[in-house]
Structure formats: C-alpha cells, structure tokens
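Each chain is listed here by its residues.
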2 protein chains.
Amino acid sequence: MQVTIKDIAKVAGVSHTTVSRALRGHPSISAETTRHIQQLAEQMGYVPSAVAQSLHSRQTFTIGMVVTTIADPFLPQVVEGVEKVAQAAGYSVFLMSSHNDPEQELTVVETLQRRRVDAIIVTASRVGSLYGDQLERIQVPIVLINNQENGEFLHSIAVDDVQGARLATEHLIEVGHRRIGFVGLLTRPKSNVHRLLGYQAALEKAGIPQDPDLIFLPPPNDDFQCGELALSLHLKHQVTAVLCYNDITAIGLLTTCRRHQIAVPQDLSIVGFDDIEAAQYVSPPLTTIRQPRLRMGELAMRMILDLLNKKSVRDQLLPGELIVRESTLPIYPN
Amino acid sequence: MQVTIKDIAKVAGVSHTTVSRALRGHPSISAETTRHIQQLAEQMGYVPSAVAQSLHSRQTFTIGMVVTTIADPFLPQVVEGVEKVAQAAGYSVFLMSSHNDPEQELTVVETLQRRRVDAIIVTASRVGSLYGDQLERIQVPIVLINNQENGEFLHSIAVDDVQGARLATEHLIEVGHRRIGFVGLLTRPKSNVHRLLGYQAALEKAGIPQDPDLIFLPPPNDDFQCGELALSLHLKHQVTAVLCYNDITAIGLLTTCRRHQIAVPQDLSIVGFDDIEAAQYVSPPLTTIRQPRLRMGELAMRMILDLLNKKSVRDQLLPGELIVRESTLPIYPN
DNA sequence: ATTATCACCGCACACGTGTGTGTTCCCTCA
DNA sequence: TGAGGGAACACACACGTGTGCGGTGATAAT
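As the structure is a computational prediction, the values presented were derived from the model and not from experiment. (Residues numbered from 1 in each chain as written. Chains lettered and ligands numbered in written order. Predicted model: local features only at pLDDT ≥ 70, side-chain atom pairs only at ≥ 80, totals over all residues. Heavy atoms only, no water.)

(A) Examining empty space enclosed by the protein more closely. What the rule picks out here adds up to one cavity of 30 Å³ or more. Taken as a whole, the largest cavity holds about 180 Å³ of empty space. Around the largest cavity, the lining comprises 14 residues; the ones closest to its centre are Val 51 and Phe 94 of chain A together with Val 51, Phe 94 and Arg 115 of chain B. Contributions of two or more residues to the lining of the largest cavity are made by helix H4 (50–57) of chain A together with helix H4 (50–57) of chain B. Of the residues that constitute the lining of the largest cavity, the class distribution is six nonpolar, six polar and two charged. (1 Å grid on protein atoms, 1.4 Å probe; cavity = no way out; pocket = protein on both sides within 12 Å on 5 of 7 lines; lining within 4 Å. Points joined across faces, edges and corners; volume = space filled by probe spheres on them. Helix = DSSP H or I, 4+ residues; strand = E, 2+ residues; numbered from the N terminus. Nonpolar A, V, L, I, M, F, W, Y, C, P; charged D, E, K, R; others polar.)

Written as structure tokens, this is what we have:
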C-alpha cells in the first residue's frame, strides 16, 4: 500500500492540508514545519499520486503517440525525439499502434480519450479522411507528422516531399543521367504524388522530356517487394538511374540487382528517400534524401507544448537533405 | 469540457449513482432506465475517465516500458510485441527512455511510481546493481528482458546466449573453419560472458585449441566502431571467421572489410547475433543468430498479466535460431 | 483593554467514479 | 389491514490531492 499525505499527516500530527502545502512549499506554512514534513515524506518513501493530481488539476501531463507500427524503421527516431522533449517537460508518452487497422484505430482514439491525454501526435497515417471525425470531437491539440491526408483543421509537421524528390532528381541529372525512372508507392497517396511532382519538376527544368513508361507504380504490396518489381524499369526501359519512393524500396531494388548481376552503381544508379539506419549499411551504401526524423519528433512535441500554452504555432515543412553515398555514379565518369 | 456521469444524470433526471450502475449493467437498475441512460451517454459523447476510475479502483491498467533508447534496432520489435498483447488486454504502455544515464534512470523509475503503473518491463539494462534498490521498493511486478545483471528477485525473459553463440560457432566449425575469432562488447557484461562461453564450448567440443589472441574485446565504444576495430583479428591473427557480439558489430566489420578489399565471405566469414532488420539487407546478407524479439515482447507482457492475476510464472530462457545467409562460406568449398 | 494585523493551520469541498447502506414505493399474502 | 418483501433508486462516503475560506492564538497598535 502506497504512502499518502494523510499517512504523513497522521505521523506529523497535522492535517493533510498542511502536508500538501508543505510539500509544495506554500508560503503560509512555517519554515520549520515545512522542513519537518518534507523530511518525513522522504523517510516514509512518499511518492505523490499522479492519478489523484490529474483528477484534481484536470491535466494528466501525458500525450498519446499514435503509430502504425513501431517496427517501421522510419519511426523509432521520431518517437525518440518526441519522448526526449516530453520527458524534459514533465510529460509521459503513451505509445499506441494502429496497424493500419480501422477498428484498432478507433480503439486507440477511444483509449486516448479515456486516458485524458493532454495532446496527441499521429505519424504517417491516413488520418483525416478515415477517423478524422473522431479526432475533431476530441478537445485536445493534435499534431500530425507526415500525414497522408489534408487535414487543414489540424497541425502538422512534414518533410518537403517535392523539394526532396527534386533534389534527388537534380543530383542524378547533374551527374549525367537522362533516362531516370521513378518508383512510387500507392499506399502513401499524398507524399507519393508530391515526390512524383518533385521528380517531374527537376526533369522539366533540365529540359528532359517526360516518359510515362519511366514512372512505375507497383500494385500495393510490401515496400521491399515493390522495389524488386521495379527492376523492369531497367530491363524493359533502359533507365540508367532510379529514384525510389523510400529506402526500403530502394534496398529491395538493390537486392534484386545483385541477384541479376546488375552492378550498382555502374549499370544502374539508385536513390532512396528517408535515410533510415540501414541505408548506410547496405552495399553499396545508399544515396538518399535524409528526413530529419529526430528533429521532426522534437518539433512535434515542442509544437504540442506551445499549443498547450496557448501560443500560436504554424505548420512546418522541413527540407530534405541530399546524402550522397555510393549507389549513384556519374554516367560518364570524368 | 468533458461529459461526466453527473451531466448525464442531470439530463436523465436521476442520480449519478444510477447512471454509473446503468452504464455497467448493474442488475438493480431497471432494463428500461438502463437502456435510456446508455443511449443518452452515446448521444452526449460520454467517455469514462480512466483517471477517476483508477483513483477509485487503485489500478491504472498501464505498464511502464523502460528502454535505453528506442532507436536501438533491437528494441522496436520487442516493444511491438509488448504493446500488442497489452492493448488486447486493455492495458496501455508508457514508453520511457533511460539513455543509460543514471540520473535519467532514477527519474524514469520515480515517474513510473508517480503514475502508479501496474507493472514494469525493462529491457537490456544494467538494472539490478544500479537502481535495483529503487525497484525493490516498488510494489509492482517487474519483468526484465535480456538484463545484464543477475537480479534473482525479479522475473526475466532472455535469449540463451550460451546456446546461441555455440550454435553460431558450431556452424563455422562445420564448414571447415578452425581459426575463429570472437568480438565481445564490454558494455553488455553478462551476455558478453555468456556468448564467449558458448563460443569456447563449441571450440572445446570440436577439439580446437583456444587462443586468447583470437578473443577481441575492444574498448567501450559505439557497437559499429567495435566491429571496425575487430579487423585486426584478421590482419594480425589470420582468423578465417569471426563471431561478433551482435549484428551492428558484424556490420561494422563487414563495412571495414569492403573498404580494405577483403572479400566476405571468401576471405573472411562473419556471423552476427540478433538478426536485426538490416542483417538481411547488407551485402552479403548476414548469417546470424536470430532472437525472437516479437515473441520476447509478447511473452514479457503475458508474464506481467499472469503476475497481476497472481498466477505463478517461471523465467524463460529462449533458444536462438541460426539463420544462414551469405556472409559465411565453407573454407574449402567442395 | 479592545481591536487590528498577521502567521499559521484546519475545515470543507472539489475533481469523476464506484459501492455499501439505506429509503421509498408498490405489490403480495396471510 | 397490516406486515413482509422485493424492485428501483438516492445518500453518503471513499479513492488522493489541492485550495478557498475561515478560525485560532499571538503580537502590535490605538
């Protein structure tokens, strides 16, 4: 059984009110009594109940972090950033997985309501169209990270997919490629379109005619398998370089290339997106667009804190960063 | 402002007691009233307060999941398993990082006490010697996953490091290797020793004399860098195969080999431990010992549930599984 | 000596929910 | 017709903490 302020009060021979005030340093309690009670609390191993405090103060100092699955290699760093800032500010994080299952998503939202979280962060979900109605009912701030729907009524932090994809494509053009393929993923509708737009913008700016055959949208599938299927871009359409929707897809393509004796980057250059951990470990190490995952998590939580303090915030669109490794090579090395 | 049972009571013209009972289907409330109130609750968007319920019932249906950092590639799957079982059982998970910082570890433990979590799961920490005293004070069940200290008073789930390392070493011996190196990590004292024991047991069983020079314990460092440093085993001591403490270390070694034009597996065979995601993506794909991470998380949470139900539980030592990929090769291919 | 001032502390209630113990009303049966 | 009983609900309190307000005693001011 846990020690309460009443227990301390009984031992100290005062009311629980006095104990409460002494522990919080209230000025109307004499210095001596305060010291005595604090010492007593220490001795008795008193730990205040956040539950009772929450009931009274109507804040829980908890936030809900909703992910599809924490096993997605993109997410751990984001969560790390969120947790870091949250902990420093005295908040704790409920981690909840939705698994892209509509029923579980509803359960998650309902659970967060029951738990009276002070705010919610949602990553890479199709929130907005699916269970946006549910979310609007909730009275707490919500921040979306890389969401796949336009929810204007909510706050968001996202990477600039257009700029990132353009940067990657420009890199390929710069080193001499002209037949450049794009591998998209239909499971991420919004950012897929944006990355495609960035790819096209770079081509257009360079005066390279667009060829619809070079845009490959595999049927919804495992990200890795989508990359494997994309080999046809090289075999059928003779592209010399490919921009993949993300690193997993790029690694899938990379793996298939090895199996088919296609040398990367000599025969085919490959660029990914995200810069997950594994990107630097594959061989050849993957050229990619880095998303500042840790910072995105930190920013999301900072935004939450601002919202809770009634400060005004504005949505953030963060630039991607080109990380040149060894999976891309000038087509005509000089 | 959230709807409470009192609000419903006012609208329905009954006491809040009746509302409470109606919503829980108490038999002493008439069927008609029950139906009416439940319908009213639905309409008014009532969501019960877990905070108030916790205060009354003295259970929070939350558990604390303590990790060093969620960015460790070993952990996401474990957390996934925990969260999955927890959610199905109506529990929510607080994710807390300790960052191997003693001060933060204390903060974390104190926070979990304040939050009145029903149980705690700790992964791969030096718990027991460091802040074990703190943990013993807590009255809730604690389960450790792959802990690095012997805390006999606590419950644990761990992979069989001895068996796993023996399995890996036997594999190398079986394909013809006799000069086999071992790369350990001093940052994980307990499992490091166990894996070393497994390695030695396999050598002994095969009648291969032990050579202290082949056991390499790099100074505490980044796991990846430890792998890089281990190249000396090959350069100085002519080993033909190396068992690395974990996959990150193995990948570090792999990367350095590529840089030094050492062909893997032709010149050097490498075995890792853990089977993290990246292991299958590197080239050559890494032969390793798989830890059933998802299942370990599930088992940990199931054990928690059993403990909360006063069932007796026993510690689990799970076998590792040899995953043969392409980083190991017979020394004399036939 | 009476009142004002002040330091210090306790009473009572609130937060939202759940439960033991009444309490009321109606019906039944001797 | 009165007692007994049961159905249906309300009262009051508890969980642990925090706070407005009022009270007590001592000292200072008039």
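(B) Structural context of the protein's contact with DNA strand D. Lining the immediate environment of DNA strand D, one finds 27 residues, of which Tyr 46 of chain A together with Ser 15, Thr 18, Thr 33 and Arg 58 of chain B sit closest. What you see for DNA strand D is that sugar and phosphate hold 58% of its atoms within 4 Å of the protein. A distance of 2.9 Å separates a base oxygen of DNA strand D from a polar side-chain atom of Arg 21 of chain A. Measuring from a phosphate oxygen of DNA strand D, one finds a side-chain N or O atom of Tyr 46 of chain A at 2.7 Å. Looking at the surface near DNA strand D, the elements with two or more residues in it are helix H1 (5–12), helix H2 (16–23) and H4 of chain A together with helix H2 (16–23) and H4 of chain B. Its residues assigned to classes, the surface near DNA strand D shows seven nonpolar, 15 polar and five charged. (Near = heavy atom within 4 Å. Polar contact = N/O pair within 3.5 Å; in protein donor to acceptor, adjacent residues only side chain to side chain.)

(C) Up close: unusual backbone geometry. All names here are of chain A. With an omega dihedral of 10°, the bond running from Val 264 to Pro 265 counts as a cis peptide bond. In this structure, Pro 265 sits in the loop between helix H12 (247–259) and strand S9 (269–271). Although it is not a glycine, Arg 116 sits at a positive phi angle of roughly 60°. For Arg 116, the position within the fold is in the loop between helix H6 (102–114) and strand S3 (119–123).

(D) Broad picture of the relation of the copies chain B and chain A. For these two chains of identical sequence, chain B goes onto chain A by a turn of 180° and a shift of 0.1 Å along the axis, with RMSD 0.2 Å. In short, the pair behaves as if placed about a two-fold rotation axis. Same-surface contact between copies: 100% of interface residues of chain B are shared with the interface of chain A. (Least-squares fit on C-alpha atoms with pLDDT ≥ 70 in both. Contact = heavy atoms within 4.5 Å.)

(E) Structural view of the protein's contact with DNA strand C. In the region of DNA strand C, 27 residues are neighbours, and Ser 15, Thr 18, Arg 21 and Arg 58 of chain A together with Tyr 46 of chain B sit closest. Take the atoms of DNA strand C that sit within 4 Å of the protein: sugar and phosphate atoms are 58% of them. Thr 17 of chain A has a polar side-chain atom sitting 3.1 Å from a base nitrogen of DNA strand C. A distance of 2.8 Å separates a base oxygen of DNA strand C from a polar side-chain atom of Arg 21 of chain A. Of all the secondary structure elements, the ones that give two or more residues to the surface near DNA strand C are H2 and H4 of chain A together with helix H1 (5–12), H2 and H4 of chain B. Grouping the constituent residues of the surface near DNA strand C by class yields seven nonpolar, 15 polar and five charged.

(F) Region of the structure containing the sheet that holds strand S8 (residues 241–244) of chain B. All names here are of chain B. With parallel pairing, four strands are arranged side by side in an open sheet as S7-S6-S8-S9. At either end of the open sheet lies a strand with only one pairing partner, and these are strand S7 (215–216) and strand S9 (269–271). Bridge analysis of S8 against S9 gives three bridges, and the strand direction is parallel. Its bridge partner being in S9, Val 242 is matched across the sheet by Ile 270. Relative to the sheet, helix H9 (residues 189–205) contacts strand S6 (180–183), S7 and S8, its axis offset from that of S6 by approximately 170°. Packed onto the sheet, helix H12 (residues 247–259) meets S6, S8 and S9 and runs at close to 160° relative to S9. (Pairing = 2+ DSSP bridges. Axes fitted to C-alpha atoms, helices over the stretch in contact; angles between N-to-C directions.)

(G) Fine view of the nonpolar core. In this structure, Ile 270 and Met 301 of chain A together with Ile 270 and Met 301 of chain B are the most contacted members of the largest nonpolar core, which totals 141 residues. Non-local contacts of Ile 270 of chain A, meaning those with residues more than four positions away in its chain, are made with Val 242, Cys 244, Ala 250, Leu 253, Leu 254, Cys 257, Val 264, Leu 286, Thr 287, Ser 327 and Thr 328 of chain A. Judged by nonpolar contacts, the second largest core, of 29 residues, contains Val 66, Phe 94 and Leu 154 of chain A together with Phe 94 of chain B. (Core = buried A, V, L, I, M, F, W, Y, C linked by side-chain atoms within 4.5 Å. Buried < 20%, exposed > 50% of the residue type's maximum accessible area, 1.4 Å probe, protein only.)

(H) Focus on the side chain of Ser 283 of chain B. By secondary structure assignment, the location of Ser 283 of chain B is in the loop between S9 and strand S10 (288–290). Ser 283 of chain B sits in the buried class, given a relative accessible area of 12%. A distance of 3.2 Å separates a polar atom in the side chain of Ser 283 of chain B from a polar atom in the side chain of Arg 258 of chain A. In this view, Ser 283 of chain B contacts Arg 258 and Ser 283 of chain A together with Leu 254 and Arg 258 of chain B; residues no more than four positions away in its chain are not counted.

(I) Structural context of the pairing of strand S2 (residues 92–97) of chain B. The buried count for S2 of chain B comes to six of six residues, which makes it a mostly enclosed element. Burial along S2 of chain B is two-sided: the face carrying Ser 92, Phe 94 and Met 96 of chain B and the face carrying Val 93, Leu 95 and Ser 97 of chain B are both buried. Strand direction decides the pairing type here: strand S2 (residues 92–97) of chain A and S2 of chain B, joined by three bridges, are antiparallel. Bridged to Leu 95 of chain A within S2 of chain B is Val 93 of chain B. For strand S1 (residues 62–67) of chain B and S2 of chain B, the ladder comprises six bridges, and the chain directions are parallel. Its bridge partner lying in S2 of chain B, Val 67 of chain B is registered against Ser 97 of chain B. With helix H5 (residues 75–88) of chain B bridging S1 of chain B and the parallel S2 of chain B, this β-α-β connection has right-handed handedness. (Right-handed = clockwise from strand over helix to strand, strands pointing away.)

(J) How the structure looks around H2 of chain A. Residues and elements named next belong to chain A. Of all the positions in H2, only Thr 18, Val 19 and Ala 22 are classed as buried. Buried residues of H2, viewed axially, fall in a sector of 100°; they line one side. Looking at the buried side of H2, the elements it contacts are H1 and helix H3 (31–44). Downstream of H2 by one or two residues, Gly 25 has phi in the positive range, about 70°. (Arc of directions from axis to C-beta.)

(K) Fine view of the side chain of Asp 274 of chain B. Residue and element names in this part refer to chain B. Structurally, the position occupied by Asp 274 is in the loop between S9 and S10. Buried Asp 274, no salt bridge; nearest opposite-charge side chain is Arg 195, N-O distance 4.2 Å. Dropping the residues within four chain positions of it, Asp 274 is found in contact with Phe 74, Arg 195, Asn 246, Asp 247, Thr 288, Ile 289, Arg 290, Gln 291 and Arg 293. (Lys, Arg positive; Asp, Glu negative; His and termini not counted. Salt bridge = Lys/Arg side-chain N within 4 Å of Asp/Glu carboxyl O.)

(L) Geometry of the interface of chain B and chain A. If you look at the interface, chain B gives 49 residues, while chain A gives 49 residues. In total, about 4,700 Å² of surface goes out of reach between chain B and chain A, with carbon and sulfur atoms giving 58% of it. Area buried by chain B at its contact with chain A is led by Arg 115, Arg 116 and Tyr 281 of chain B, which between them contribute 15% of it. Linking chain B with chain A are zero salt bridges, by the criterion used here. Summed over the shared surface of chain B and chain A, the result is 24 residue pairs in polar contact (both at pLDDT 80 or more). Within the residue set of the side of chain B that touches chain A, elements represented by two or more residues are H4, H5, S2, helix H6 (102–114) and H12 of chain B. When grouped by side-chain class, the residues that make up the side of chain B that touches chain A number 26 nonpolar, 15 polar and eight charged. (Buried area = accessible area lost by both parts, 1.4 Å probe.)

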